[in-house]
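# A structural walkthrough
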Amino acid sequence: CGQDVLTRRPGESVGNFASRILPPNTELAHKVLVGSFGPSNKNVILLFRPALDSSNYTGWILVPQNNSGTSYQKIVLPPMEEIPNHFDIAVSSVLYANADKDKELELIILYSYYRTGSGEESGHAAYIYDWNGSEFAVLREKGMKLVGLKTAAAVRRRLKALGY
C-alpha cells in the first residue's frame, strides 16, 4: 500500500530506520536524505531498486506524523517512465527547489541514464515531483526543461532563468 504508517524506534538513526523498512532484496539508489519540500520540512527520502540492478528507482517519501519523529506516513512517488531494465540509471543529486508558480518547494531528482548496450553516451535528466495536497505528481513539461543538466547548481540556475 502506498499510504502505510511506519514507526521509527526510539533512538534509531534515519539510516538504520531506512535499512529496516526497505523491501527485501533491494538496495538504496541514493543515500537517505531528510528534506523540506511538499508536505513537511522533515520528509525522509528513500530511493531504492532491486539489489544488483542499476535500472529504475522506486521512491518513498516518509512524512512525519508527530513532533517526536517516530511515526511516518509512507507516500510512494509515481514510478519512473523509463522502460525497466533497458537503462542504467544513476541518481546524481536530490534537491528541493521551486519549479512552479506555487510557494512550496518541489522534490527534484537529477539522474544520468544509459541505454544498455547502445554504445551511446549517457544522458542527463530530472524528475520533478510536486505535492498536490494528497499525493506527488510528476511535472513532466518542467522536467523536460532540465534535460541535459548534470549538476544541482545547473538545475538551480536554469530554474532561476525560467523565473522560479
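First things first, this report covers the structure right here in the doc. (Residues numbered from 1 in each chain as written. Predicted model: local features only at pLDDT ≥ 70, side-chain atom pairs only at ≥ 80, totals over all residues. Heavy atoms only, no water.)

Side-chain direction in a regular strand flips from residue to residue, so the side chains alternate between the two faces of the sheet. By the bridge criterion, three bridges tie strand E1 (residues 5–7) to strand E6 (residues 71–76) in an arrangement that is antiparallel. Across the sheet, Leu-6 pairs through a bridge with Tyr-72, a residue of E6. Looking at chain direction, strand E5 (residues 58–64) and E6 are connected through five bridges and run antiparallel. Within E6, the position partnered with Val-63 by the bridge is Gln-73. The hairpin formed by E5 and E6 contains six residues between the paired strands, and Gly-69 there has a positive phi angle of roughly 70 degrees. (Pairing = 2+ DSSP bridges. Helix = DSSP H or I, 4+ residues; strand = E, 2+ residues; numbered from the N terminus.)

Right, let's get into the sheet that holds strand E8 (residues 106–115). Hydrogen bonds between backbone atoms are what pair the strands of a sheet, whose relative direction is either parallel or antiparallel. The four strands lie next to each other as E7-E8-E9-E10, forming an open sheet whose pairing is antiparallel. Edge strands, defined here as strands with exactly one partner in the open sheet, are strand E7 (87–97) and strand E10 (136–138). The average undirected angle you get between the axes of adjacent strands in this sheet is 30 degrees. Here three bridges tie strand E9 (residues 123–131) to E10, and the two strands are oriented antiparallel to one another. Within E10, the position partnered with Tyr-129 by the bridge is Val-138. Across the face of the sheet, helix H3 (residues 152–161) comes into contact with E7 and E8 while running at roughly 55 degrees to E7. (Axes fitted to C-alpha atoms, helices over the stretch in contact; angles between N-to-C directions. Contact = heavy atoms within 4.5 Å.)

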